[in-house]
Amino acid sequence: MEQKNNSIDFKKRFHDCDNKFNTLFDLTSVASKVIGSDLTILRVNDALVELLGYESDEIVGTTILDYACEAYKEHWHDLQEALWLQKVPSFKLQACLHAKDKRLVWVNVTTILYEDQGETYGFTVLDDITGIKQLEDAQRRLNLALKYSKMAVWEFDLVNNSVYRSEGHDEIFGYKKQQDDWTIESYYTHFEEKDLFKFRNALSSIVPGGKIDLQARLITANGTVRWVNIQGVLEADQKGKLIKILGTISDITRDKLIERHKDDFISVASHEMKTPV
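The rules behind the values
Here the residue numbers are simple positions, counted from 1 along each chain's written sequence. The model is predicted, so local features are restricted to residues of pLDDT at least 70 and side-chain atom pairs to those at 80 or more, both for listing and for counting; the totals for chains, interfaces and linings are taken over all residues. Values reported for side chains reflect all heavy atoms of the structure, with hydrogen atoms and water molecules removed beforehand. Pairing between strands is defined by DSSP: at least two bridges between the two strands are required. Here a strand is any run of E in DSSP of at least two residues, a helix any run of H or I of at least four, and the numbering for each starts at the N terminus. Lines fitted to the C-alpha atoms define the axes, with helices restricted to the stretch that makes contact. Angles between their N-to-C directions range from 0 to 180 degrees. It only takes one pair of heavy atoms within 4.5 Å for two residues to be counted as in contact. Criterion for a disulfide: a pair of cysteine sulfur atoms at a distance within 2.5 Å.

Caption draft 1: The arrangement of the sheet that holds strand E6 (residues 151-157) in detail. The antiparallel open sheet is built from five strands, whose spatial order is E7-E6-E10-E9-E8. Each of the sheet's edge strands pairs with one partner strand only, and the pair in question is strand E7 (163-165) and strand E8 (211-219). The average angle at which neighbouring strand axes cross in this sheet is 25°, direction not considered. Two strands pair when backbone bridges link them, and E8 and strand E9 (residues 225-236) are joined in this way by nine bridges, in the antiparallel orientation. Bridge pairing in E9 places Leu218 opposite Arg226. Docked against the sheet, helix H8 (residues 193-205) engages E6, E8, E9 and strand E10 (242-251), running at close to 155° with respect to E8.

Caption draft 2: Representation of the state of the cysteines. One pass over the full model with this rule turns up one disulfide. With its sulfur 2.3 Å from that of its partner, Cys69 forms a disulfide with Cys96. For the disulfide bridge between Cys69 and Cys96, the dihedral angle about the S-S bond is near -45°, and by the sign convention the bridge is left-handed. A residue pair is termed long-range when its members are at least 10 positions apart, and Cys69 in the loop between helix H3 (56-59) and helix H4 (73-85) and Cys96 in strand E3 (residues 90-98) qualify at 27 residues.

Right, dumping it as structure tokens:
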């Protein structure tokens, strides 16, 4: 009798666990699916349907390879081999998928193995990182544009005295590698004395909504003289507290040299015109 009761209790607990899993699977806001050893998609939740833009019955029965970007299909084969051949309990990868409307969807994928009635399945969670990828791509394009325009972004945090610099900023100051730390005082060591006064005065006199726009000479880390154009805008938070100066630094050395050569040419030409033949 006791054995029968234990059997009934076990079945009840198993049934309760199964119900909880189904509820979590269906209601979670994270895209999820169940796949077989051949990568066939056996089950999907609403979050995955929304992510890819297909109806549930359009996805179930297909394979994940049907949606994978060509360059990432091999990653899914690596997952398949690791889980079902090497019996690794879980596997993570980053993947690119094609949505129904031709969008590219980037996801971090975590798959764990589980058994049900003698069969082994993969429970997969797909964390949508498309926004992060788009931001990274935009940042790369910005850095590339800044690099070839000999311009960099600087952001002076007034609260902790740190300076965020975009890629290429430290190169303008003659450093081959990005320096670990940079404060506003880091600029002071590079400006020529006269221009250092101009820079410090511009920082101290800027008003909310005001701007910095000055040209200055600096001594680079390797000892060469370089001209830069420094621009910045003072910004405040939602409460009106001044929090940062955001701007750009441009290497204008070439422009200054051209300007000087032009002035020299005009000076010489003017002198020649005034000198009697």
